[in-house]
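# Chains, contacts and geometry: an overview
The primary structure of each chain is shown beneath.
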Amino acid sequence: MILISSSSSPIPSEIFALIALLLLSLIVLLILRHYLPLRTTPAYLLVPVFFALWLPASIVLLVPIDLASNASTEDETRGIWLRPRALLVSWRISYWLTFVLTWFILPILAEYSDAGYREPKDRILYSLRSNAQYYALVFGSAILGLVYFFISYGPSSTSLKGLVLALAYCWGLILAIYLMGHGLVALPRNLFRNASASHRLRRLQSQAPKLYEKLEDAALNLEDLEVQVSELSKRKTGSARNFQDWIEELSDICNIPDSRPRSILPRVENDSRIIPTVITEKYLADLTRQINRARHTKSRYVDEWDHLLREASDTQAILDSAASKKLNFGASSLSTSLWGRTTILTPYTRYIFYCRVLPYIRVFFGGFLALASACIIWSELVKAALPSLSVIRFTVVHHWTGDSGRIGFAGQVVAALWIMYMCAAALHSVTEVKVWRGRALVRRNTAHESAFWYAGQVAKLTVPLSYNFVTFLSRQIYEETTFYDILGQYVDLTPLGKWFDYLFPVFVLVPVCATLFGLYGKVKRFFGFGVDIVDEDEENQTSYGTGSWREGRDLIERELNGTSISRRLDEAASRSANGQGRAAPILTVPSARNEGSRTPFATSPSYRDQPVRRAGQSSRISIPDSEPEDENFFTSIGHRFKNTFDGVDTPKWLQEIGSGFKKPTWMGGNDAGESSNTAGRNDSDIRRWFGGDGRIRL
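Residues numbered from 1 in each chain as written. Predicted model: local features only at pLDDT ≥ 70, side-chain atom pairs only at ≥ 80, totals over all residues. Heavy atoms only, no water.

Before going further, it helps to examine the overall build of the protein. Along the protein, the regular secondary structure elements total 23 helices and 2 strands. Residues counted as buried form 40% of the 698 residues belonging to the protein. Counting contacts in the protein only where the partners sit at least 6 residues apart, residues at least 24 apart contribute 74% of the total. Carbon and sulfur atoms form 62% of the exposed surface of the protein, whose accessible area is close to 38,800 Å². (Helix = DSSP H or I, 4+ residues; strand = E, 2+ residues; numbered from the N terminus. Buried < 20%, exposed > 50% of the residue type's maximum accessible area, 1.4 Å probe, protein only. Contact = heavy atoms within 4.5 Å. Areas by Shrake-Rupley, 256 points an atom, 1.4 Å probe, with all protein chains shown as cover.)

Here's what the structure looks like:
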C-alpha cells in the first residue's frame, strides 16, 4: 500500500480504485440479497436500486481521492490519486447519474411498482399523476429561484445550471442535517444502553405490547381485505365479468379457501368492506394496492416481532447464565444469520464474551462514537466563524504548508471514515423517523416501493453530506478539487447560497438537543398531544394504550412457551373448520433452551389476552382505561384534571373533624355510634324531621 500511494505513476492507484469499486459492488449485492429475493425481484427494480446504492458509495471513495489528487505535490506522499481527466469523468458520471436517479427515475418507478394496475401503460400514467404534485412543488420553487438568479446574473445557461444544482443541494442539506443530528446522538446512546443486559431486556419488554398491538391490527386489516376479495370473487355477473382474470389473481394472492373460518366476526361499520355495485378498473387497482400494502405491513411487523422475541430470549439467557457460568442460545432457526449459527465458542467462553467482554466493547465504541459526534458538531459550529478551530481538518490534513496542505493515504482513510459515519448517522435516522408512510426494510421481503424510496434517500443524502464534509477543510484545499468544480462553484454562485451553506449546518444543534434531552416526548407530555417523530425509549414509559414492561414480559414469556392467545384462537378456528368437538392437531414447537430450567412463564392476564372479542371492535378497544382516539386537546386536558382530583384521598385530619361530637337523637345519632336503620336507610335523613319512617307526610 505504501508503494501504491508513493508511486509517481497513476496506474497503481487506478488498479486500487478498480478493486475498491468491485468490492463495493459485492457489498451492495449482499445488501440487496439481505432485503430482497434476487431471483424473483424484477430487473426494473434491481438495476436502479443497485446503482442508487453503488454510486453514492463510489462518491465516498472519490472524495478522498479527489482531495489527494489536487493537493500540493511537492513530494511523493499524496496517497491514491488519479489523472485530472479520469477524475472529471468519474465525477460527472457519479454525480449526474445520482442526480437523475434521485429526482426522476426512482420516484417514478416507486409509484409504478405501487400502482396496483395490471397493464404497464396504466401503471405509468398512475405514477405520473401521483408525482405531478411533487414535481409541481419542485418546479414552483425553481421558478422563484430562477427569478433571483436571473436578476443577480442575468439569463444564461450558467444561471440555470447553478439554480438546479443549488436547489437540489439545499433541499438535500436541510434533510441531511436534521437526520444526521439525530443519528449523531442515537448511535452512541444505543451502544451505551445495550451495554447492560438487564436494561436492554426491560426496553424490549416495554416495546412488546405496542408492537404486538400493531401486529394484530395489521393482521385484522389484511383479513378484512381478504374477506372483501372473497366476497368479490363470488360475483359472476354484471360488471365483474369483465375483470374475472384480475379477481382470480387477487384470490390467488390472498389464498383464501372457501372453508376457511374467520378468527373474528365481520365488522359492519367498516366502509372498506362494502362491495360497490359497479366494479371498475380504478376500484380493483385501489384494492390491489391496499392488499399489497397490507401484506407487506403484516410481514414487517411479523419480522419485527420475531426479532424482538429472539433478542429478548437471548438477553434472558445471558442473564440466566450468571449462576451456571455457561451460556447456550439454544437451537438456531433458519432466520438466524450465519454469524449466529456458528458455534466456535464453548458455553463457558461464550459466557465470558457476552457477559464480561462485550459490554465493555460497547461502552468503548459508544464513547468513541460520542467523541466523533462531538467533533462533527463542533466543526459545524465553527466552520463559518473560526474555520481554523475545526478538529476534522487536522485529522485529515497531516502535512501543512501554511493554509494549504498535503493529504496522504492515512488522511484519505480518515476522510472516508468521517464521511461514512456522517452518512451512517443520517441513514440510521431514516429507519427511526416515523413519518415515512409506513415504509420499512424487511429481511428478504421488502416492498418494492419501500426499496425504491430507501435507495432514493441514500442517493439524496450522500452528496450534500460529502460536500458538507469537504467544507470542513480550508478553502485553499477544497476549492482546488474537481468536486468543487462540479457542485461547489454553483452553490457559491450567489451570496445567498454561500451563506446558506456556511450558516445552516449550525442548526444541527436543534435535532441534537431534541434527541439528547428527549424534547419530543417532553413537548408531547406538556401539551397533551404531538407527533411521534421518533421512538424514545424511557425507563418509565407510561404512554396510554401501549402497556407496561410487565405486560410485555408476560406477553413475551407466553409467546416463547407457546401459550399465547393467538395459538388458542388458531385451535378454535381449526375446531370450527372441522366441525368437531376437539381441535385438529396443530404443529407448535416452542423455543427450547439447553441450559436447563428457565424462569416460569407468567400467567397473569394482560390487556391483549381477552378470550372473546366482540364484533365491531378493533384491537385497541380491549383496553379499558385507554383514552378515545378522537379526543381533542381540551377534552384530554379535562379528563386528566378530573382523574387527578378523583384520585386524591381525603386527608385523615379532615376525616376526623367532627368525630368527637355526637349528633342528637332527633338527628339520627345514638350512643353506640352505629346506624340504627337496619333497612339500609340513613337515619340522619332530613325527611325524618317530618315523620318517623323517613317519608314526607302530606
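Okay, back to it.
We now examine helix H5 (residues 120–153). Considering bend angle alone, the principal kink of H5 is centred on Ala-132 and spans about 40°. All buried positions along H5 are accounted for by Arg-123, Tyr-126, Ser-127, Asn-131, Tyr-135, Gly-145 and Phe-149. Taken together, the buried residues of H5 touch helix H3 (43–69), helix H4 (84–113), helix H6 (157–194) and helix H9 (281–324). Looking one or two residues past H5, Gly-154 carries a phi angle of roughly 80°, positive in sign. (Bend = angle between axes of the 7 residues up to and from the residue.)

Moving on: the packing of aromatic side chains. The final tally for this structure, using the stated rule, is 25 aromatic pairs. On the basis of an interplanar angle of 85° and a centroid distance of 5.1 Å, the ring pair of Phe-329 and Tyr-354 is categorised as edge-to-face. Taken together, the positions of Phe-329 in the loop between H9 and helix H10 (338–341) and Tyr-354 in helix H11 (residues 347–382) put the pair 25 residues apart, joining distant regions of the chain. A ring pair is formed by Phe-469 and Phe-472, whose centres lie 6.2 Å apart and whose planes are at 80°; its orientation type is edge-to-face. Each member of the pair, Phe-469 as well as Phe-472, is classed as buried. The rings of Trp-91, Tyr-169, Tyr-467 and Phe-483 are connected pair by pair, giving a single aromatic cluster. Note that Arg-202 overlies the ring of Trp-549, its terminal NZ or CZ placed 3.7 Å from the centroid. The ring of Tyr-502 has Lys-383 sitting right over it, with the charged end atom 5.8 Å from the ring centre. (Phe/Tyr/Trp six-rings, centres within 6.5 Å; stacked < 30°, edge-to-face > 60°. Lys NZ or Arg CZ within 6 Å of the ring centre and 35° of its normal.)

Time to look at a positive patch on the surface. A cluster of basic residues, Arg-33, Arg-39, Arg-443 and Arg-444, forms a positive patch on the protein surface. Its location among the elements puts Arg-39 in the loop between helix H2 (11–35) and H3. With relative accessibility at 87%, the residue Arg-39 sits in the exposed group. (Patch = residues over 30% accessible without salt bridge, like charges linked within 9 Å, V, L, I, M, F, W, Y side chains within 5 Å. Salt bridge = Lys/Arg side-chain N within 4 Å of Asp/Glu carboxyl O. Lys, Arg positive; Asp, Glu negative; His and termini not counted. Charge placed at Lys NZ, Arg CZ, Asp CG, Glu CD.)

A cluster of nonpolar side chains, Leu-23, Leu-26, Ile-27, Leu-30 and Ile-31, forms an exposed patch at the surface whose accessible area comes to about 450 Å². Within the secondary structure, Ile-27 sits in helix H2. On the basis of relative accessibility, which here comes to 41%, the residue Ile-27 falls in the partly exposed class.

Viewed as axis vectors pointing N to C, H4 and helix H14 (residues 448–470) meet at an angle of 160°, and their least axial separation amounts to 9 Å. For the element pair H4 / H14, the angle class is roughly antiparallel. Two packed elements cross with a definite hand, and for H4 against H14 that hand is left-handed. Facing H4, whose interface residues are Tyr-95, Thr-98, Thr-102, Leu-106, Leu-109, Ala-110 and Ser-113, H14 presents His-448, Glu-449, Phe-452, Ala-455, Gly-456, Ala-459, Lys-460 and Val-463. (Axes fitted to C-alpha atoms, helices over the stretch in contact; angles between N-to-C directions. Parallel < 35°, antiparallel > 145°, perpendicular 65-115°, else oblique. Left-handed = near helix turned anticlockwise from the far one by under 90°.)

What follows is about the pattern of salt bridges. On inspection of all chains with the given rule, the structure shows 12 salt bridges. Residue Lys-282 pairs with Asp-286 through a salt bridge whose shortest N-O separation is 3.2 Å. Remark: Asp-286 and Lys-282 occur in helix H9; sequence separation between them is 4 residues, near one turn of the helix. Assessed through its relative accessible area of 54%, Lys-282 is described here as exposed. Classification of Asp-286 as partly exposed rests on a relative accessible area of 23%.

Averaged over the protein, the pLDDT score is 79; the fraction of residues at 70 or greater is 70%. At the low end of the mean pLDDT range in the protein sits helix H22 (residues 633–646), at 53; at the high end sits H14, at 96. This model gives residues 580–634 a pLDDT under 50, and the stretch forms 93 contacts once residues within four places in sequence are excluded. Counted against residues more than four places away or in other chains, residues 670–698, with its pLDDT under 50, gives 22 contacts. (pLDDT = per-residue confidence, 0-100.)

A word on the nonpolar core. Counting 68 residues, the largest nonpolar core has Met-180, Val-396, Phe-469 and Leu-487 as the members making the most contacts within it. Per-element accounting of this core gives the leading share, 12 residues, to H6. When sequence neighbours within four positions are dropped, the list of residues in contact with Leu-487 reads Tyr-95, Leu-165, Tyr-169, Val-463 and Tyr-467. Counting 21 residues, the second-largest nonpolar core is a separate cluster that includes Ala-115, Leu-225, Leu-232 and Cys-254. (Core = buried A, V, L, I, M, F, W, Y, C linked by side-chain atoms within 4.5 Å.)

Here the focus is the side chain of Ser-429. Topologically, Ser-429 is positioned in helix H13 (residues 409–432). For Ser-429, the side chain forms a polar contact with the main-chain nitrogen of Gly-183, separated by 3.0 Å. With residues up to four places along the chain from it excluded, the contact list for Ser-429 reads Leu-179, His-182 and Gly-183. (Polar contact = N/O pair within 3.5 Å; in protein donor to acceptor, adjacent residues only side chain to side chain.)

Following the sequence through the fold, Glu-111 ends up in helix H4. Taking the relative accessible area as the measure of exposure, Glu-111 reaches 12% and is therefore buried. Not counting residues up to four positions away in its chain, the partners in contact with Glu-111 are Tyr-126, Ser-127, Ser-130, Asn-131 and Arg-437.

Before going further, it helps to spend a moment on unusual backbone geometry. We note that Lys-325 has phi near 60°; this positive angle belongs to a residue other than glycine. Residue placement: Lys-325 occurs in the loop between H9 and H10. Using a relative accessible area of 36% as the deciding quantity, one classes Lys-325 as partly exposed. Notably, Arg-444 is not glycine yet its phi reads approximately 60°, a positive angle.

What follows concerns the packing of helix H7 (residues 197–233) against helix H8 (residues 244–254). One way to put it is that H7 packs onto H8 with a least axis distance of 10 Å and a crossing angle of 140°. Our classification of the angle between H7 and H8 gives oblique. Both H7 and H8 take part in a crossing whose hand is left-handed. Contacts between H7 and H8 involve Glu-226, Val-229, Leu-232 and Ser-233 on the former and, on the latter, Ile-247, Leu-250, Ser-251 and Cys-254. Its residues assigned to classes, the contact of H7 with H8 comprises 5 nonpolar, 2 polar and 1 charged. (Nonpolar A, V, L, I, M, F, W, Y, C, P; charged D, E, K, R; others polar.)

Attention now moves to the environment of Ala-372. When you line up the elements, Ala-372 lands in helix H11. Judged by its relative accessible area of 11%, Ala-372 is buried. Each C-alpha atom of the pair Ala-372 and Met-422 lies 9.7 Å from the other, and the pair is 50 residues apart in sequence. If we skip the residues at most four places from it in the chain, Ala-372 touches Trp-418 and Tyr-421.

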